[in-house]
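# Summary of the model geometry
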Amino acid sequence: MRKLVIASRNKGKISELKELLKEYNFEILSLDDYPEIPEIKETGKSFKENALIKARIAAQETGCLALADDSGLEVDALGGAPGIYSSRFAGPNKDDEANNKKLLELLEGVPFDKRTARFRCVVAAVDPQGIEITTEGVCEGKIGFEPKGSFGFGYDPIFIVDGYGLTMAELKPEIKNRISHRAKAFKKIAAVLKGLLD
Ligand code: ITT
């Protein structure tokens, strides 16, 4: 079976990507299986640049097809922040609760109709021979006034998904895995990969 390395150490992301990859015939690994690979610095200026940086390093270091996801939340009332800085918005230690608290504080006094936001995800696939593909997915919503729900990770408890009236953390994982930014980007890349591998 062909090996595929997910170039991530984010447990929430890895489990979502594993679920999305279930139907494909890969042995799935992640950077947790390669503890010797140091933390990859995300020095890019866009989700696409960062996804490619992560996938390229993982492909080079492991010799396997690598898949990386760079994603984040864009809040219109904050000029698109936290964007590519989503994971460390409240400081260097990735702490979802602190990130959510900071975001809610910054939006204090902003009415519901002005709290528009979207999750954006770019997935990059890089193979050791140097073939590179990227795709993007977006999921629109609004930032709520308090955290709700316990599924998912990151900003899910404060992100109210358009058309559902519930936060992403209140939606069952199988629903998130159908409608999320990651699912959309992933669906597109899976179609291309399938064509390449067949
Ligand atoms: P890796 O680089 O190891 O994959 P990371 O958490 O640093 O892990 P990113 O740089 O792509 O990954 O940052 C993504 C951040 O955006 C993530 O930590 C969350 O705060 C947020 N985010 C992305 N997708 C999300 C989702 O589906 N639900 C909630 N928050 C999400």
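Attention in this report is confined to the structure presented alongside it. (Residues numbered from 1 in each chain as written. Predicted model: local features only at pLDDT ≥ 70, side-chain atom pairs only at ≥ 80, totals over all residues. Heavy atoms only, no water.)

## Quick notes on the site of the ligand
- In the vicinity of the ligand there are 21 residues, among which S8, K13, K54, D156 and K176 approach most closely.
- Between an oxygen atom of the ligand and a main-chain N or O atom of S71, the distance comes to 3.0 Å.
- Bound to the protein, the ligand loses 96% of the 610 Å² it would expose on its own.
- Breaking the shell around the ligand down by element, the ones donating at least two residues are β3 (65-75) and α5 (181-197).
- Element by element, the count of residues in the shell around the ligand is highest for β3, at four residues.
- The class makeup of the residues in the shell around the ligand is three nonpolar, eight polar and 10 charged. (Near = heavy atom within 4 Å. Polar contact = N/O pair within 3.5 Å; in protein donor to acceptor, adjacent residues only side chain to side chain. Areas by Shrake-Rupley, 256 points an atom, 1.4 Å probe, with all protein chains shown as cover. Helix = DSSP H or I, 4+ residues; strand = E, 2+ residues; numbered from the N terminus. Nonpolar A, V, L, I, M, F, W, Y, C, P; charged D, E, K, R; others polar.)

## Looking at the nonpolar core
- One finds V5, L31, Y34, A55, A58, A124 and V126 to be the most contacted residues of the largest nonpolar core, which totals 20 residues.
- Breaking this core down by element, the ones donating at least two residues are α2 (47-62), β3 and β4 (116-126).
- Top contributing element to this core by residue count: α2, with seven residues.
- Residues in contact with V5, not counting those within four places in the same chain, are L29, S30, L31, Y34, T62, C64, L65, A66 and L67. (Core = buried A, V, L, I, M, F, W, Y, C linked by side-chain atoms within 4.5 Å. Buried < 20%, exposed > 50% of the residue type's maximum accessible area, 1.4 Å probe, protein only. Contact = heavy atoms within 4.5 Å.)

## What about the sheet that holds strand β6 (residues 159-161)?
- Overall, mixed pairing links the six strands, which are arranged β2-β1-β3-β4-β5-β6 in an open sheet. Looking at strand neighbours, the two that pair on one side only are β2 (26-30) and β6, the edges of this open sheet. Averaged over all pairs of adjacent strands, the angle between their axes in this sheet comes to 35°, without regard to strand direction.
- Judged from the three bridges that link them, strand β1 (residues 2-6) and β3 form a sheet pairing that is parallel. Looking at the pairing, V5 lines up with A66 of β3.
- The strands touched by α2 within the sheet are β1, β3, β4 and β5 (132-143), with β3 carrying the most contacts at an inclination of about 155°. (Pairing = 2+ DSSP bridges. Axes fitted to C-alpha atoms, helices over the stretch in contact; angles between N-to-C directions.)

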